[in-house]
Amino acid sequence: MDKKKHLAPETLAAQALHYIDASTGAIVPPIQPSTTFARDANYALFSADHSYGRDENPSFLTAERLISELEGAEETLLFSSGMAAAMSVVQSLKAGDHIVAPRIMYWGLRNWLLKFCDSWDLKIDLFDATASNGLANAIKPGQTRLVWIETPCNPTWDVIDIAASAAIAHDAGARLVVDSTVATPVLTRPIEHGADIVMHSATKYLNGHGDVIAGALATATKDAFWEKVCEVRSHGGAIAGAFEAWLLQRGMRTLFLRVRQASASALTIAQHFSRHPKINAVLYPGLTGHPGHDAAKRQMKGGYSGMLSFRVNGGEAEALAVARKCQVFVRATSLGGVESLIEHRYSIEGATSPVPKDLLRLSVGIEAVEDLIADLEQALA
Ligand SMILES: *Cc1c(COP(=O)(O)O)cnc(C)c1O
């Protein structure tokens with residue numbers, strides 16, 4: 001492993017950590033579907049790491065180790081979904097602990113957090129990520145145990161300063177977890193900015209092909225809290241499937257190419273439509289006028305992600321009309337795949353949503369950017 005330390009992350013991803021099968025020379029890791037692992041005549045396990053399939057599966061190892069390398073993490077765990085990864089963090093807290101999270105973030109997780117905290121006697125406060133002291137004011141020193149942030153955050157793409165959040169969290173005795181699904185380790189390595197745990201919906205960019213549901217947590221240090229997270233996975237059983245883990249290591253081989261292409265195209269689209277008469281705002285941290293642009297420049301390298309939103313003149317009806325007319329962008333939820341998607345978030349989230357009704361969320365894929373621009377032009381005409 002040591003000789004790989006100097007290799008660039010692009011190289012480690014492309015080669016799945018220079019994988020070569022010790023017994024066959026195969027350059028692709030095998031899928032191991034076994035649920036149980038044999039013992040020898042003395043009742044010793046063949047490998048101390050493998051006893052039963054709910055605790056560990058050798059099929060996870062390539063993806064887990066690669067994510068650790070890319071994030072600069074001490075250890076990574078795969079989960080059955082991004083939500084399962086996030087829940088495992090929250091389920092590792094104690095009753096009475098206080099959580100702080102942004103008011104605008106991945107909708108499914110925020111809703112689950114609010115319900116779960118209520119029924120499990122956890123306290124939670126949501127903060128406004130666009131207000132200057134939003135996080136500092138929401139923190140309760142000595143009570144706050146978890147600061148959850150997502151950056152850029154869904155679907156307004158506000159940028160939360162990871163280093164500043166880490167300082168506030170650590171001063172108060174809390175740990176900082178960053179949902180880095182949108183930034184990916186290609187653009188941001190949150191642990192280098194002070195995060196304790198990085199969470200991914202691997203369903204999105206890490207896999208990138210719309211055919212795997214999976215999640216990951218990568219930890220800066222294997223401390224007592226991390227041991228609890230490991231226990232939650234092994235006893236709760238929210239593990240990835242062997243085939244999904246295998247698909248994920250394959251998807252990650254092209255992670256850098258995909259994320260860079262999507263980011264470049266998203267910037268081109270954001271700039272192209274920023275003065276369009278039918279659009280009153282393009283939300284994208286890569287635009288110099290975006291309120292999070294300076295923070296984004298500090299913590300994002302090589303691009304600002306493939307995610308952006310348009311606020312369309314004429315409100316909800318006009319936004320839906322634009323989505324209806326798209327022929328290249330696919331009307332579907334999710335993000336981070338090779339194909340471009342468009343979504344009216346308010347229709348999905350409903351009346352309690354803090355998302356503006358005129359907002360269309362775009363997940364830019366790796367198609368020819370001219371085709372994407374032409375599609376949006378005709379939909380806006
Ligand atoms: C999709 C998503 C999640 C949830 O992940 P699943 O894999 O769908 O469970 C969490 N956070 C963000 C930012 C996401 O986009």
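Numbers given for residues are sequential positions, taken from 1 along each chain in its written order. In keeping with the model being predicted, local features are shown solely for residues with a pLDDT of at least 70 and side-chain atom pairs are shown and tallied solely at 80 or more, while totals for entire chains, interfaces and linings include all residues. By convention in this description, side-chain values take in all heavy atoms of the structure and omit both hydrogens and water.

### Focus: the site of the ligand
Step number 1: In the vicinity of the ligand, 14 residues are found, and the nearest of them are Met83, Asp179, Ser201, Thr203 and Lys204.
Step number 2: Mapped onto the shell around the ligand, the elements with two or more residues apiece are helix H3 (82-90) and strand E6 (197-201).
Step number 3: Its residues assigned to classes, the shell around the ligand comprises five nonpolar, six polar and three charged. One heavy atom suffices: a residue is near a molecule or strand as soon as one of its heavy atoms comes within 4 Å of it. Runs of H or I in DSSP of at least four residues are treated as helices and runs of E of at least two as strands, each being numbered from the N terminus. Under the scheme applied here, ten amino acids are nonpolar (Ala, Val, Leu, Ile, Met, Phe, Trp, Tyr, Cys and Pro), four are charged (Asp, Glu, Lys and Arg), and all others, including Gly, are polar.

### Re the pattern of salt bridges
Step number 1: In the sections that follow, a salt bridge refers to a side-chain nitrogen of Lys or Arg positioned within 4 Å of a carboxyl oxygen of Asp or Glu. Taken as a whole and judged by the stated rule, the model has 13 salt bridges.
Step number 2: For Asp161, the salt bridge identified is with Arg298, shortest N-O distance 2.8 Å. Note that Asp161 is positioned in the loop between strand E4 (144-150) and helix H6 (162-171) and Arg298 in helix H11 (residues 293-299), a separation of 137 residues in sequence.
Step number 3: On the accessibility criterion, Asp161 (21% relative accessible area) is partly exposed.
Step number 4: The salt bridge involving Arg361 is made with Glu343; its shortest N-O contact spans 3.1 Å. A residue pair is termed long-range when its members are at least 10 positions apart, and Arg361 in strand E12 (residues 359-363) and Glu343 in strand E11 (residues 341-343) qualify at 18 residues.
Step number 5: Within this structure, Glu343, Arg345, Glu349 and Arg361 form a network of salt bridges that share partners. Only protein chains enter the accessibility calculation, which uses a 1.4 Å probe. A residue is then buried if its area is under 20% of the maximum for its type, exposed if over 50%, and partly exposed in between.

### Some words on the side chain of Ser92
Step number 1: Residue placement: Ser92 occurs in the loop between H3 and strand E2 (98-102).
Step number 2: Given a relative accessible area of 3%, Ser92 falls into the buried group.
Step number 3: Under the rule applied, a polar contact is a pair of N or O atoms within 3.5 Å (in protein, one hydrogen donor and one hydrogen acceptor; residues adjacent in sequence only if both atoms are side-chain atoms). Separated by 2.7 Å, the side chain of Ser92 and the backbone oxygen of Ser88 make a polar contact.
Step number 4: Contacts were defined at the residue level, with two residues in contact if any of their heavy atoms lie within 4.5 Å. Those residues in contact with Ser92, other than ones at most four positions away along the chain, are Phe225, Lys228, Val229 and Val232.

### So, the packing of helix H10 (residues 255-273) against helix H14 (residues 369-380)
Step number 1: For the pair H10 and H14, the least separation of the axes is 10 Å and the interaxial angle reads 35°. Of the two possible hands of crossing, H10 and H14 adopt the one that is right-handed. Contacts between H10 and H14 involve Ser265, Thr268, Ile269, His272 and Phe273 from the first element and Val369, Leu372, Ile373, Leu376, Glu377 and Leu380 from the second.
Step number 2: Class assignment of the residues belonging to the contact of H10 with H14 gives a composition of seven nonpolar, three polar and one charged. Note on definitions: angles span 0 to 180 degrees between N-to-C directions of axes, and those axes are lines fitted to C-alpha atoms, for helices only across the stretch in contact. Here is the rule for handedness: rotate from the far helix to the near one, and if that takes an anticlockwise turn smaller than a right angle the crossing is left-handed, while a clockwise turn gives right-handed.

### Section: the domain arrangement of the chain
Interface size, as often reported, equals the accessible area lost upon joining of the parts.
Step number 1: Domain ranges listed in this record stem from an automatic or a database domain assignment. Its domain assignment divides the chain into domain 1 (3-37 + 50-252) and domain 2 (255-380).
Step number 2: For domain 1 and domain 2, the distance between their C-alpha centres works out to 25 Å.
Step number 3: The interface is formed by 35 residues belonging to domain 1 together with 36 residues belonging to domain 2.
Step number 4: When the two sides are added together, the surface that domain 1 and domain 2 hide from each other amounts to roughly 3100 Å², 63% of it contributed by carbon and sulfur. Two parts placed together each lose some accessible area under a 1.4 Å probe, and adding up what both lose gives the buried area.

### Considering the sheet that holds strand E9 (residues 307-312)
Step number 1: Here, a strand pair is defined by DSSP locating no fewer than two bridges between the strands. The strand order E8-E9-E12-E11-E10 describes an open sheet built from five strands, whose pairing is mixed. Pairing within the sheet leaves two strands with one partner each, and these edge strands are strand E8 (279-283) and strand E10 (330-331).
Step number 2: The pairing of E8 with E9 spans four bridges and is antiparallel. Opposite Val282, over in E9, you have Phe310 as the bridge partner.
Step number 3: On the sheet, H10 packs against E8, E9 and E12 and is oriented at approximately 20° with respect to E9.

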